[in-house]
Amino acid sequence: MPSIEIEGAEVFEEELHGCNVTTVRIQSEQAAEKLGKPVGSYITIETGESLNEHTNVVDIGECLTEVLGRVMQPYYHGKLCVCGIGNGDLSADALGPEAVHNLPLKLLSEIGRDGNFWEVCSIVPGVAGTNNINTEVIVGGVVKAIGANCILLVDSLTTREPSRLFQSIQISTAGGLSPHLSGRDADWSALGIPVISLGIPMTIPLAAFSSHQDPDHKLFTSTEVQSVVVGAGRIIAYAILRMCWPLMSKAECFVFSGLNRNPIPNSLLLETEDKQPEPT
């Protein structure tokens, strides 16, 4: 990406587990105003390939694990709520629900594994288009009721850069995301606790391919987007599990993140979890 030479902002690029990672840190209000973004860190992981259900979960998952660990470390030992934002019935908007459904949090709680958070829970709040309630209102009510200390939002994103479609993972410490399809600005700051957002571009405006601005703001996606959501959802779940429970092996997290689509009887899983081979 182009270098940023603005006082109060810095860019750091690195390679992690075969992925290119770019971190933009906006540290002052003056820099935030010039860049049109709130103060915070903006991290982009370039996967180097279009994600799908056949993507190697562990390779990209390990990169995301390391990046998430850096971002979430200040909130360790608190209570984390993972929120899967989006409409699970609409493929291009289903990333959040897919990722959360891949987290067997109740099972891990019953096993009693020690982790970086004293408790991890999740919610899929649905969308205002169905329930007529703004998503942040539902999340805020749950967060208050359970006493969460921080939130990790997972959602589908829109990009104007074709090279990022299905091929980048974006993380922000600057608060939450605006709803993917409605375009409404959600007020996540009203929740009063840190909100970290994680998303993958699943759509691109048709106007990005033409100088003509489409007044209907129509979005383009691929006929293969369902496969992208399945693969990306598992990668995100794998990374969240690895970040939250670092004592679990890669193989264990690989198995646990796939239980949603490939269920294994709990008794068998508990007997063999330490014997799982490392995925290649």
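Now for a quick tour of the structure. Only a predicted model underlies this, so the values are computations on that prediction, with no experimental measurement involved. Once a new chain begins, its residue numbering starts again from 1 and follows that chain's sequence as written. Thresholds applied to this predicted model are a pLDDT of at least 70 for local features of residues and 80 or more for the giving and counting of side-chain atom pairs; totals over whole chains, interfaces and linings are not thresholded and use all residues. In computing side-chain properties, one takes all heavy atoms of the structure into account and sets aside hydrogens as well as water.

1. Section: the overall build of the chain
Helix and strand definitions follow DSSP, with helices as H or I runs of at least four residues and strands as E runs of at least two, each counted in order from the N terminus. Looking only at helices and strands, the chain has nine helices and nine strands in total. Relative to its full complement of 280 residues, the chain shows a buried share of 49%. Residues are treated as being in contact if the distance between any of their heavy atoms lies within 4.5 Å. The long-range fraction of contacts in the chain, counting pairs at least 24 apart against all pairs at least 6 apart in sequence, stands at 69%. Computed by Shrake-Rupley with a 1.4 Å probe, the accessible areas treat only the displayed protein chains as cover when residues are assessed. With an accessible surface of roughly 13,600 Å², the chain has 49% of that area assigned to carbon and sulfur atoms. Using a 1.4 Å probe on the protein chains alone, a residue whose accessible area is under 20% of its type maximum counts as buried, one over 50% counts as exposed, and one in between counts as partly exposed.

2. What about helix α6 (residues 135-146)?
What a helix should span is 1.5 Å times the count of its residues minus one. Over its 12 residues, α6 extends 17 Å from the first C-alpha to the last, a length consistent with the 16 Å expected when each residue adds 1.5 Å. What α6 keeps buried is the set Thr 135, Glu 136, Val 139 and Val 143. Projected down its long axis, α6 shows its buried positions confined to an angular sector of 85°, all on one face. Opposite its buried face, α6 presents the exposed residues Val 137, Lys 144 and Ala 145, each directed more than 90 degrees away. Turning to α6, the residues buried within the fold contact β4 (79-84), α5 (128-131) and β6 (150-158). Phi for Gly 147, located one or two positions after α6, is positive at around 75°. In this description, one arc is meant: the one made by directions from the helix axis to the C-beta atoms.

3. Focus on the side chain of Ser 168
Here Ser 168 is to be found in strand β7 (residues 168-172). For Ser 168, a relative accessible area of 2% puts it in the buried group. In this structure the side chain of Ser 168 is engaged in a polar contact, spanning 3.1 Å, whose partner is the backbone oxygen of Arg 164. Leaving out residues up to four positions away in the same chain, Ser 168 has contacts with Thr 44, Ile 45, Thr 47, Gly 199, Ile 200 and Pro 201. Think of a polar contact as two N or O atoms within 3.5 Å of one another; within protein, one of them needs to be a possible hydrogen donor and the other a possible acceptor, and neighboring residues in sequence only count if both atoms come from side chains.

4. Brief notes about the packing of helix α2 (residues 57-72) against helix α7 (residues 225-244)
For the pair α2 and α7, interaxial distance at closest approach is 8 Å and the crossing angle is 50°. As the angle between them shows, α2 and α7 are arranged oblique. At the point where α2 passes α7, the crossing takes the right-handed sense. Across the interface between the two elements, Val 57, Val 58, Ile 60, Gly 61, Glu 62, Leu 64, Thr 65, Leu 68, Gly 69 and Met 72 from α2 touch Arg 234, Ile 235, Ile 236, Tyr 238, Ala 239, Ile 240, Arg 242 and Met 243 from α7. Taken together, the residues of the contact of α2 with α7 break down into 12 nonpolar, three polar and three charged. Fitted lines through C-alpha atoms give the axes, limited to the stretch in contact for helices. The angle between two N-to-C directions lies from 0 to 180 degrees. To sort the angles, those under 35 degrees are grouped as roughly parallel, those over 145 as roughly antiparallel, those from 65 to 115 as roughly perpendicular, and the leftovers as oblique. The crossing is said to be left-handed when, going from far helix to near helix, the turn is anticlockwise and less than a right angle, and right-handed when the turn is clockwise. The classification used treats Ala, Val, Leu, Ile, Met, Phe, Trp, Tyr, Cys and Pro as nonpolar, Asp, Glu, Lys and Arg as charged, and all other residues, Gly among them, as polar.

5. Topic: the packing of aromatic side chains
Centre distance within 6.5 Å is the pairing criterion for rings of Phe, Tyr and Trp, where only the six-membered ring of Trp is used; planes under 30 degrees apart are then read as stacked, over 60 as edge-to-face, and the remainder as tilted. All chains considered together, the criterion is met by one aromatic pair. A ring pair is formed by Tyr 76 and Phe 117, whose centres lie 5.4 Å apart and whose planes are at 85°; its orientation type is edge-to-face. With Tyr 76 in the loop between α2 and β4 and Phe 117 in the loop between α4 (105-111) and β5 (119-123), the pair connects residues that are 41 residues apart, well separated along the chain. For the pair shown, Tyr 76 and Phe 117 are each scored as buried. We note Lys 37 situated over the ring of Tyr 42; from NZ or CZ to the ring centre the distance is 5.1 Å. The rule for a charge over a ring is simple: NZ of Lys or CZ of Arg within 6 Å of the ring centre, and within 35 degrees of the ring normal. Above the plane of the ring of Phe 254 lies Arg 234, whose end atom (NZ or CZ) is 4.3 Å from the centre.

6. Digging into the pattern of salt bridges
What counts as a salt bridge is simple: a side-chain nitrogen of Lys or Arg found within 4 Å of a carboxyl oxygen of Asp or Glu. On inspection of all chains with the given rule, the structure shows seven salt bridges. Here Arg 70 makes a salt bridge to Glu 66, at a shortest N to O gap of 3.2 Å. Of this pair, Arg 70 and Glu 66 both sit in helix α2, four residues apart, roughly one helical turn. With a relative accessible area of 31%, Glu 66 lands in the partly exposed category. Put simply, Glu 161 and Arg 164 hold a salt bridge, and the shortest N to O gap is 3.6 Å. Salt bridges sharing common partners tie together Glu 14, Glu 66 and Arg 70.

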